[in-house]
Amino acid sequence: MYAIVRAGGRQEKVSVGDVLIIDKVSAQAGDTVDLTPLLVVDGSTITSDADKLAKVKVTAEVVKPAKGPKITIMKYKNKTGYKKRQGHRQHLTQVKVTAIEA
């Protein structure tokens, strides 16, 4: 059994026990988070109807906060002496899927 859930701005395929990285969630380590299911596959049964998906619950436990890779932003204007260097690391959250209740 697996589900396609909306996690932040992306869609992720999850099963029970999967650990995934999602956008930052304002929850502490050990808290539970509900993920919005978009599709549930149980053997040969595929559920994509919105009314049936309203009854499906996908829960995940927050493992720890995480950070994405460092990216470097360079701005440069020719012949003016202007250059600017900036870095960024996205704040993320690592979660473990604990249950898919259909």
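What counts and what doesn't
Residues numbered from 1 in each chain as written. Predicted model: local features only at pLDDT ≥ 70, side-chain atom pairs only at ≥ 80, totals over all residues. Heavy atoms only, no water. Helix = DSSP H or I, 4+ residues; strand = E, 2+ residues; numbered from the N terminus. Rg over C-alpha atoms; globule rule 2.2 N^0.38 Å. Lys, Arg positive; Asp, Glu negative; His and termini not counted. Charge placed at Lys NZ, Arg CZ, Asp CG, Glu CD. Phe/Tyr/Trp six-rings, centres within 6.5 Å; stacked < 30°, edge-to-face > 60°. Lys NZ or Arg CZ within 6 Å of the ring centre and 35° of its normal. Salt bridge = Lys/Arg side-chain N within 4 Å of Asp/Glu carboxyl O. Buried < 20%, exposed > 50% of the residue type's maximum accessible area, 1.4 Å probe, protein only. Core = buried A, V, L, I, M, F, W, Y, C linked by side-chain atoms within 4.5 Å. Contact = heavy atoms within 4.5 Å. Pairing = 2+ DSSP bridges.

**Student:** So what exactly am I meant to see when it comes to the overall build of the protein chain here?
**Tutor:** The number of helices and strands found in the protein chain is one helix and nine strands. From first element to last, N terminus to C terminus, the protein chain shows the α and β order β-β-β-β-β-α-β-β-β-β. For the protein chain, the C-alpha radius of gyration of 19 Å lies well beyond 13 Å, the compact-globule estimate for 102 residues. Each principal axis of the C-alpha atoms in the protein chain carries an extent, and together these give about 65 × 30 × 20 Å. When the 18 basic and 10 acidic side-chain charges of the protein chain are each reduced to a single mean position, those positions are 20 Å apart.

**Student:** Quick question: what am I supposed to make of the packing of aromatic side chains here?
**Tutor:** We describe a pair of aromatic rings using the distance from one ring centre to the other and the angle between the two ring planes. In this structure the tally under the stated criterion is zero aromatic pairs. It is K13 that lies over the ring of Y2; its NZ or CZ is 4.4 Å from the centre.

**Student:** Looking at this structure, how should I read the pattern of salt bridges?
**Tutor:** Opposite charge on two side chains permits pairing when their charged atoms draw close. On inspection of all chains with the given rule, the structure shows two salt bridges. Of the charged contacts in the structure, one is a salt bridge between R10 and E12, with a shortest N-O distance of 3.4 Å. For R10, a relative accessible area of 36% corresponds to the partly exposed category. The partner of R10 in a salt bridge is D23, and the shortest N-O contact between them spans 3.5 Å. A residue pair is termed long-range when its members are at least 10 positions apart, and R10 in strand β2 (residues 10-14) and D23 in strand β3 (residues 19-23) qualify at 13 residues. Its relative accessible area of 28% is what places D23 among the partly exposed residues.

**Student:** Looking at this model, I keep getting lost on the nonpolar core. Mind explaining?
**Tutor:** Buried together is how nonpolar side chains tend to be arranged in soluble globular proteins. One finds A3, V14 and V58 to be the most contacted residues of the largest nonpolar core, which totals 17 residues. Among the elements of the structure, β1 (2-7), β3, β4 (32-42), β6 (57-67) and β9 (91-101) are those that each provide at least two residues to this core. Among all residues touching V58, those that are not within four sequence positions of it are A3, V5, V14, V33, D34, L35, P37, V97, A99 and I100.

**Student:** Can you help me understand the pairing of strand β8 (residues 82-88) in this one?
**Tutor:** Two faces belong to every sheet, and in a regular strand the side chains alternate between them. Both strand β7 (residues 71-77) and β8 contribute to a ladder of seven bridges, which runs antiparallel. Each residue of the ladder has a partner; that of K75, found in β8, is K84. Where β7 folds back onto β8 in an antiparallel hairpin, the turn is made up of four residues, including K79, whose phi is positive at roughly 70 degrees.

**Student:** Looking at this model, I keep getting lost on the side chain of T47. Mind explaining?
**Tutor:** Mapped onto the elements, T47 comes out in strand β5 (residues 45-47). Its relative accessible area of 18% is what places T47 among the buried residues. Residues contacting T47, with those up to four places away along its chain left out, are L39, V40, K52 and L53.

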